[in-house]
Amino acid sequence: MFKTAFLDLPPLAAAAGSVRLPGSKSISNRVLLLAGLAEGTTEVYDLLDSDDTRVMLAALEQLGCTLERSGSVLRVTGLGGRLKVTQAELFLGNAGTAMRPLTAALAVLAATQGGRFRLSGVARMHERPIGDLVDALRQLGCPVTELGQPGFPPLQVGSGAAGALDTATPIRVRGDVSSQFLTALLLALPLVSQHHPVAIEVMGELISKPYIDITLRLLERFGITVQRDGYQRFVIPQGSAYRTPGRIHVEGDASSASYFVALGALAATEHPIRIEGVGLNAIQGDIRFVEAAQAMGAQVQGGDGWLEVRRGRWPLKGITLDCNHIPDAAMTLGVMALYADSPTRLTNIASWRVKETDRIAAMACELRKLGAQVIEGPDFIEVAPLQHWQSASIHTYDDHRMAMCLSLAAFNPLAGAQPSVSVRIEDPRCVAKTFPDYFETLFSVVTAAPGAIPVLTVDGPTASGKGTLAAELAQALGYHLLDSGALYRATALAALQGGVALSDGPAVAGIAATLDIRFEGETVWLAGQDVSAALRLESTGGLASQVSVHPGVRHALHALQLSFQRLPGLVADGRDMGTVVFPQADLKVFLTASAEKRAERRYKQLIAKGISANIDSLLLDLQARDERDKNRSAAPLKPAEDALLLDNSDLSIDASVEQVLSWWQQRKAPKVSG
Ligand code: DC
């Protein structure tokens, strides 16, 4: 997962390959609650692991449910409809799918069994309406107190005293703000259906009906068949009780699929994008996004649990669509609209205004930053095709879908953007709400425009601190890291192990050409052996300096080094990164510090590790390596002509990082930012 402050997406040009989707958020949280309320143990397969499911799991644990994980299976032992804990404070983040159903379920349990629970979330959760649900629960006789603003969380449900509820009178609930209120009641009321059938009547036009279908399907799996009259009246039969289905499988998230369906429609020109985990028979309403994408031009094939998408019509076709049935996935259409031949108008989307953020306002603002013409209304948005693309820094409003759908703007080269532009996604971590590995998954199936993957090089003499600087830069930018010195060190080790003399250039080059090396975080594997510690030894550095003088060795390692230039970008450190290996790098830094300073730093490092050292001999050693690295004929150590020099003799690591990042910003940050 990218935890950086921002993620720069370079211009992208093509897509192909296969992705597996994480489990559906809506199904995951409903299944968790049902399993938590039911009698017995439910084995849940392929549950989504994300912020929203994590808060639901934490809440269930606080309420006394037993959770056991083994591999991709979670075993939930439920309460069987009886409170184990009568008081708790539940923090539910920004998860509407946890807040609404837990409020209803705990309200009826607390009222009938004597309990008191407080439910709160992040600041945005406290701006998301829940008044209609509170009204419905009060009709039943449940004590509910709004602890902040009327109609919004935080809430307290129950007073501690047990009493009877009025389940004989139909409960009326509004359906035109969020369908989650009705879902919450449908999930909660079977808990109090002992004496009467319980009826719910929906007032106003019910929005997002497909989500109610998911609720009804899952209730059925847990033994409850709701009788219904259209989407107006629902009756829970008397004596309903939750029964675990034993095992249940969570299908892939259809809303998450929308980004990859769009990707196929935009950029899969040769081979399709294959999506695993959700198919045309999915129970989630957002699967109908496929039809909307087809109307815009996508070619889609699908079966049980899979979809394959490729580009059909190009440019895409602008559409006008009532999106009430696909509120979440419809955001993706708003970005596809940039690639169309006429404006796209998405209507009946008032619910966007009360989601993780006001999504109509947010989409309009961010699409305009890219240069698009957007018209917004209370319940619609209209987006015109984009001709003059601008590089933009996309604010994401702590809304996962803003980050995921706007990432598709990086395909602007396909729309003929001149010049093509990069897209900065601010706070990319917000995708953790439903799809923590979204960007990694995206990068696994897309190709950047030629020469577009950014590279930052840090060259310098030994012990100049370039390794530390490069690692910190890579971390701050979310880029890959190439420690090229490690390749020379590993070559030297492998040569020693193979009994090859380090002075035998051609023989060592042969070893370098077939180096079996793998980087895994901090760990380096050489021919299956963990050599991380051996690589870092001073003595290994000296040996590396010897093998690195051979032109054949340098040549043999060249392609391997180039292969590190992968999306979203690379920070490479060494001696010749800016001069020989990545001469086109976007920014080249040459790090220097006096030999005395470097010897002193190395001395402190060794002492801190408990290794005895002598500062004078370290200095001599350093100077000898500097001489050899500078005076060799193959790729001698020297600053590239266009390198920026950074003397860090008197700079802390943080100050050096800050300096380089500010240079990087000057070169790479979007010119137009919000
Ligand atoms: O950066 P380092 O100390 O891990 O590098 C070890 C040796 O490898 C160094 O003395 C010279 C050589 N080297 C090189 O020639 N070119 C590079 N790009 C990186 C390292």
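Above this text you will find the structure in question.
Described in the following lines is the structure provided in the data block. Given the structure is predicted, the values throughout are model-derived calculations rather than measurements.

Some remarks on the sheet that holds strand S17 (residues 299-303)
Backbone-to-backbone hydrogen bonds pair the strands of a sheet. The strands run either parallel or antiparallel. Taken in spatial order, the four strands make up an open sheet running S3-S16-S18-S17, and their pairing is mixed. Strands with a single pairing partner mark the edges of an open sheet, and in this sheet they are strand S3 (17-20) and S17. Looking at each pair of strands side by side, their axes are set apart by 20 degrees on average, direction ignored. Looking at chain direction, strand S16 (residues 273-276) and strand S18 (residues 306-310) are connected through four bridges and run antiparallel. Of the residues in S18, the one forming a bridge with Ile 275 is Leu 307.

Observations regarding the site of the ligand
Lining the immediate environment of the ligand, one finds 17 residues, of which Ser 484, Arg 489, Arg 554, Asp 576 and Arg 632 sit closest. Residue Ser 548 places a side-chain N or O atom 3.4 Å away from an oxygen atom belonging to the ligand. Contact with the protein chains removes 96% of the 440 Å² of surface that the ligand exposes when unbound. Contributing elements (two or more residues each) for the shell around the ligand: helix H14 (484-497), helix H17 (538-547) and helix H21 (615-631). For the shell around the ligand, the per-class residue count stands at three nonpolar, six polar and eight charged.

Observations concerning the sheet that holds strand S32 (residues 587-592)
Reading across the sheet, the five strands line up as S27-S31-S26-S32-S33 and stay open at both edges, with parallel pairing between neighbours. At either margin of the open sheet sits one strand with a lone partner, and together these are strand S27 (480-483) and strand S33 (644-647). Taking the axes of each pair of neighbouring strands and ignoring which way they run, one obtains an average angle of 20 degrees across the sheet. With four bridges connecting them, S27 and strand S31 (residues 570-574) associate as parallel partners. By the bridge assignment for S31, His 480 is matched with Leu 570.

Overview of the side chain of Arg 598
The residue Arg 598 is located in helix H20 (residues 595-608) in this model. Polar contacts involving the side chain of Arg 598 include one to the main-chain carbonyl oxygen of Ala 593, which spans 3.0 Å. Not counting residues up to four positions away in its chain, the partners in contact with Arg 598 are Pro 461, Thr 462, Ala 463, Ser 464, Ala 593, Leu 622 and Asp 626.

Looking at the side chain of Ser 240
Looking at the secondary structure, you find Ser 240 in the loop between strand S14 (233-236) and strand S15 (247-249). Classification of Ser 240 by relative accessible area gives buried; the value is 14%. A polar contact is formed between the side chain of Ser 240 and the backbone oxygen of Pro 237, at a distance of 2.7 Å. In this structure Ser 240 touches Pro 190, Ser 193 and Ile 224, once residues within four positions along its chain are discounted.

Topic: the packing of helix H2 (residues 51-62) against helix H3 (residues 96-113)
The geometry of H2 relative to H3 is characterised by a closest axis approach of 8 Å and an angle of 30 degrees between their N-to-C directions. It follows that H2 is roughly parallel to H3 by the angle criterion. Contact residues: Asp 52, Val 55, Met 56 and Ala 59 in H2; Thr 97, Ala 98 and Leu 102 in H3. For the contact of H2 with H3, the residue count by class is five nonpolar, one polar and one charged.

Examining the state of the cysteines
One pass over the full model with this rule turns up zero disulfides. Cys 65 forms no disulfide, and the closest cysteine sulfur to it belongs to Cys 142, at a distance of 19 Å. Using a relative accessible area of 5% as the deciding quantity, one classes Cys 65 as buried. Left without a disulfide partner, Cys 365 is nearest to the cysteine sulfur of Cys 405, which lies 13 Å away.

Remarks on the environment of Tyr 211
Among the secondary structure elements, Tyr 211 is positioned in helix H6 (residues 209-221). Sequence separation of Tyr 211 and Ile 326 is 115 residues, and the distance between their C-alpha atoms is 9.4 Å. The contacts of Tyr 211, once residues within four sequence positions are left out, are Ser 26, Arg 30, Ser 179, Thr 183, Ser 255, Asp 286, Pro 327 and Asp 328.

A few points about the nonpolar core
Counting residues in hydrophobic clusters, the biggest one holds 90 residues, and the most contacted among them are Phe 260, Ile 275 and Phe 439. Among the elements that make up this core, the one with the highest residue count is helix H7 (residues 254-267) (10 residues). Ignoring any residue separated from it by four or fewer positions in sequence, one finds Phe 439 in contact with Phe 2, Leu 7, Leu 9, Ala 403, Ser 407, Ile 425, Pro 428 and Val 431. Counting residues in hydrophobic clusters, the runner-up holds 84 residues, among them Val 31, Met 99, Ala 111 and Ile 214.

A closer look at helix H22 (residues 653-668)
The end-to-end C-alpha distance of H22, which contains 16 residues, comes to 22 Å, matching closely the 22 Å that a straight helix rising 1.5 Å per residue would cover. The set of residues buried in H22 consists of Ser 656, Val 657, Val 660, Trp 663 and Trp 664. Angularly, the buried residues of H22 cover 125 degrees about the axis, an arc narrow enough to put them on a single face. Turned more than 90 degrees away from the buried face of H22 sit Asp 654, Glu 658 and Gln 666, all of them exposed. Taken together, the buried residues of H22 touch strand S26 (455-459), helix H13 (466-477), S32 and S33.

Quick look at the pattern of salt bridges
Taken as a whole and judged by the stated rule, the model has 41 salt bridges. For Arg 288, the salt bridge identified is with Glu 291, shortest N-O distance 3.3 Å. The partly exposed category is assigned to Arg 288, whose relative accessible area is 41%. Taking the relative accessible area as the measure of exposure, Glu 291 reaches 44% and is therefore partly exposed. Of the charged contacts, one joins Arg 353 and Asp 358 as a salt bridge, the two residues approaching to 2.9 Å between their closest N and O atoms. Where salt bridges share partners, they join Lys 25, Asp 52, Asp 328, Lys 355, Glu 356, Arg 359, Asp 399, Arg 401 and Lys 433 into one cluster.

Conventions used here
Residues numbered from 1 in each chain as written. Predicted model: local features only at pLDDT ≥ 70, side-chain atom pairs only at ≥ 80, totals over all residues. Heavy atoms only, no water. Pairing = 2+ DSSP bridges. Helix = DSSP H or I, 4+ residues; strand = E, 2+ residues; numbered from the N terminus. Axes fitted to C-alpha atoms, helices over the stretch in contact; angles between N-to-C directions. Near = heavy atom within 4 Å. Polar contact = N/O pair within 3.5 Å; in protein donor to acceptor, adjacent residues only side chain to side chain. Areas by Shrake-Rupley, 256 points an atom, 1.4 Å probe, with all protein chains shown as cover. Nonpolar A, V, L, I, M, F, W, Y, C, P; charged D, E, K, R; others polar. Contact = heavy atoms within 4.5 Å. Buried < 20%, exposed > 50% of the residue type's maximum accessible area, 1.4 Å probe, protein only. Parallel < 35°, antiparallel > 145°, perpendicular 65-115°, else oblique. Disulfide = S-S within 2.5 Å. Core = buried A, V, L, I, M, F, W, Y, C linked by side-chain atoms within 4.5 Å. Expected span 1.5 Å × (residues − 1). Arc of directions from axis to C-beta. Salt bridge = Lys/Arg side-chain N within 4 Å of Asp/Glu carboxyl O.

These figures capture arrangement, not role.
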